[in-house]
Amino acid sequence: MEDDPVTACLFQNLLTTAGFEVALAADGEECLARAEAWSPAIMILDLLMPKMHGIDVLRRLKNSPATRAIGVIMCTARSYKADVQQALAMGAFAVLTKPVERGDLLAAVQRFLRHEKPPLDRTLLATPAASPGEIYAPVLPKDRPFIRFWGTRGSIPVSGPGYIRHGGDTSCVEVGRGAESIIIDAGSGIRELGLRLAQDGPRRVHLFITHTHWDHIQGFPFFAPLFIPGFEVVVYGASGFGKDLKSIFQGQVDRDYFPVQFEDMRAKVEFVVLTPEPVEVENLSVTWEYTQHPQATIGYKVEVAGRKIGYASDDEFLIGYHGAPQAITLDSEWMTPHRRLLEFLSDVDLLVHEAQYTNPEYGAKVRWGHSSVSNACVLAKLARARRWLVTHHDPLHEDAFLDEKLNVTREILRTLEHPVELANCFDGMVEYF
Ligand SMILES: [Zn+2]
Ligand SMILES: [Zn+2]
């Protein structure tokens, strides 16, 4: 009546030595057959047996007048209180928890034969809570480089039931390690980041701008540290093709557009035009390269603790190419405008790059400054990316659509035989790299 042959053998020896006649059954069906044919005084049943559950066997034994009087002792490794109570309610004499102590088993058998009360059932006693030292309790690494996405939408903020999972704030990310971090872009996502920084108190904040299209600067006037004395905000950007960085940010809060002017901001704001030299901020090193996007748009590479992250939120890779991704190699003509950026992003530990349009959408949006899914896959492959986070989601793409687009992206990468860890970014997402 015990499906583990070693335990069955031990029980048999124990009971035989104590002077009982013992027969074994391998499963529930055999158990019932023997109960009818052999009429034992006691049966020892396992709760989980092959072919038939122990509770089922118990029910049949107790429902049949021929076998009702047989004493049933149940053994179980799964000592859930509900199971034990059910077995007792259905007429089991005792329930013993495995591994069953020899003394307990003999005591239960003898009590039944002497018509005494069943033995105290240890399984019904409350299981003591684990002591903290026994619990495996991993914690998030505090000193691993991280990226936190505060805004992952392109073009314009969106909200509503279709955007709940990925969020609707425009581009803003924080890259850092521990308490040290830099910010890339000031889309609407920077508003929430600003509230957190304001809580922590004045410090020097480093804000790197990829370009000054609305979706990358529209949160700037709502960045709380700008209005708090003691904060210093350093804004970095490439020299544009027209107005300089400072004029663009000042113009954004011109009284025609915004109620509070630049001179009313209480923080010290400084503008720095990037040079080819890396910018060293605390223990982070930041470099940049131009992407293919209208206006002077750049992508960043941040190195921290020996790890590298490449970030290019707006980049039209393989401009005008609509063909199969397998056909593109490093030597293809199509690659000519993209070689520098590709080299810049190669072999990073984490690649953050857009794949904004489905291929049919891209057919109608060439030179809008964004990549088709399959062209972005070519970049991920040629840059030998091992992890790729897709950001800068189109405002037309709701959650379910983005899920499907991600599955298509995986399928294309499979076709390209480039296995890569892949995910869609969402507002609030944190990744360690
Ligand atoms: Zn953008
Ligand atoms: Zn743009």
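Residues numbered from 1 in each chain as written. Chains lettered and ligands numbered in written order. Predicted model: local features only at pLDDT ≥ 70, side-chain atom pairs only at ≥ 80, totals over all residues.

(A) View of helix α11 (residues 373-382). Here α11 lies mainly inside the structure; nine of its ten residues are buried. Where α11 is buried, its residues meet α9 (339-345), β14 (350-354), α10 (359-363), β15 (387-391) and α12 (399-415). Immediately downstream of α11, the backbone of Arg384 shows phi near 55°, a positive value. (Buried ≥ 20, exposed ≤ 12 C-beta atoms within 10 Å, placed from the backbone. Helix = DSSP H or I, 4+ residues; strand = E, 2+ residues; numbered from the N terminus. Contact = placed C-beta atoms within 7 Å.)

(B) Geometry of the domain arrangement of the protein. Here the domain parsing of the protein yields domain 1 (5-127) and domain 2 (146-432). When each unit is reduced to the centre of its C-alpha atoms, the spacing between domain 1 and domain 2 is 67 Å. (Domains from an automatic or database assignment.)

(C) Representation of the nonpolar core. One finds Ile182, Ile183, Leu207, Phe208, Ile309, Leu351 and Ala380 to be the most contacted residues of the largest nonpolar core, which totals 69 residues. Per element, the largest residue contribution to this core is seven residues, and it comes from α11. Excluding residues within four positions of it along the chain, Leu207 makes contact with Ile183, Ala186, Val233, Val234, Val235 and Tyr236. Counting 27 residues, the second largest nonpolar core, distinct from the first, contains Ala35, Met43, Leu58 and Ile73. (Core = buried A, V, L, I, M, F, W, Y, C linked by C-beta atoms within 7 Å.)

(D) Representation of the packing of α11 against α12 within the structure. Put simply, α11 and α12 touch, their axes get as near as 10 Å, and they point 50° apart. Overall, the two elements α11 and α12 adopt an arrangement that is oblique. Two packed elements cross with a definite hand, and for α11 against α12 that hand is right-handed. Residues Val373, Ser374, Cys377 and Ala380 of α11 form the contact with α12, whose participating residues are Lys405, Val408, Thr409, Ile412 and Leu413. Within the contact of α11 with α12, the residues separate by chemical class into six nonpolar, two polar and one charged. (Axes fitted to C-alpha atoms, helices over the stretch in contact; angles between N-to-C directions. Parallel < 35°, antiparallel > 145°, perpendicular 65-115°, else oblique. Left-handed = near helix turned anticlockwise from the far one by under 90°. Nonpolar A, V, L, I, M, F, W, Y, C, P; charged D, E, K, R; others polar.)

(E) Here's a closer look at the pairing of strand β5 (residues 172-177). Two strands pair when backbone bridges link them, and strand β4 (residues 146-151) and β5 are joined in this way by five bridges, in the antiparallel orientation. Paired with Phe146 across the strands is Gly176, a residue of β5. Across five bridges, the pairing between β5 and strand β6 (residues 180-184) is antiparallel. Each residue of the ladder has a partner; that of Glu174, found in β6, is Ile183. If you look at the hairpin formed by β5 and β6, you'll find two residues sitting between the two strands, and Gly178 has a positive phi there, around 60°. (Pairing = 2+ DSSP bridges.)

(F) Region of the structure containing the pairing of β4. Burial runs high along β4: five of the six residues are buried. Bridging between β4 and strand β17 (residues 430-432) involves three bridges; their strand directions are antiparallel. The residue of β17 that forms the bridge with Phe146 is Tyr432.

(G) Spatial organisation of the sheet that holds strand β10 (residues 279-281). Read across the sheet, seven strands follow the order β10-β11-β12-β13-β14-β15-β16 without closing on themselves; strand pairing throughout is mixed. The open sheet is flanked by β10 and β16 (421-424), the only strands paired with a single partner. Going across the sheet, the axis of each strand differs from the next one's by a mean of 20°, ignoring polarity. Note that strand β12 (residues 298-304) and strand β13 (residues 307-312) share five bridges and pair antiparallel. Pairing of Lys301 across the sheet is with Gly310, part of β13. In the packing of α12 onto the sheet, contacts are made with β15 and β16, and the angle to β16 comes to roughly 160°.

(H) Structural detail: helix α1 (residues 5-17). For α1, built from 13 residues, the straight-helix expectation of 18 Å at 1.5 Å per residue is met to within 8% by its first-to-last C-alpha distance of 18 Å. Positive backbone phi, at 100°, marks Gly19, one or two positions downstream of α1. (Expected span 1.5 Å × (residues − 1).)

(I) Representation of the sheet that holds strand β1 (residues 42-46). In spatial order, the strands read β1-β2-β3; together these three strands make up an open sheet with parallel pairing. With partners counted over all chains shown, the strands left at the sheet margins are β1 and β3 (94-97), one partner each. For this sheet, the mean inter-axis angle between neighbouring strands, taken without regard to orientation, is 25°. Most of the contacts of helix α3 (residues 54-63) go to β1, to which it runs at about 155°, and overall it touches β1 and β2 (71-76).

(J) Representation of the packing of helix α2 (residues 28-38) against α3 within the structure. Contact geometry for α2 and α3: axes closest at 10 Å, N-to-C directions at 20°. It follows from the interaxial angle that α2 and α3 lie roughly parallel. Remark: the crossing between α2 and α3 carries right-handed chirality. Along the contact surface, α2 presents Gly28, Cys31, Leu32 and Ala35, while α3 presents Asp56, Val57, Arg60 and Leu61. A per-class count over the contact of α2 with α3 returns five nonpolar, one polar and two charged.

(K) Focus on unusual backbone geometry. In the segment running from Lys98 into Pro99, the intervening peptide bond is cis, with an omega of -5°. With respect to the helices, strands and loops of the structure, Pro99 is situated in the loop between β3 and α5 (102-113). The residue Ser39 is not glycine, and still its phi comes out positive at about 45°. With respect to the helices and strands, the residue Ser39 is situated in the loop between α2 and β1. For Asp185, which is not glycine, the phi torsion reads 75° and is therefore positive. Checked against the element boundaries, Asp185 lands in the loop between β6 and α6 (190-200).

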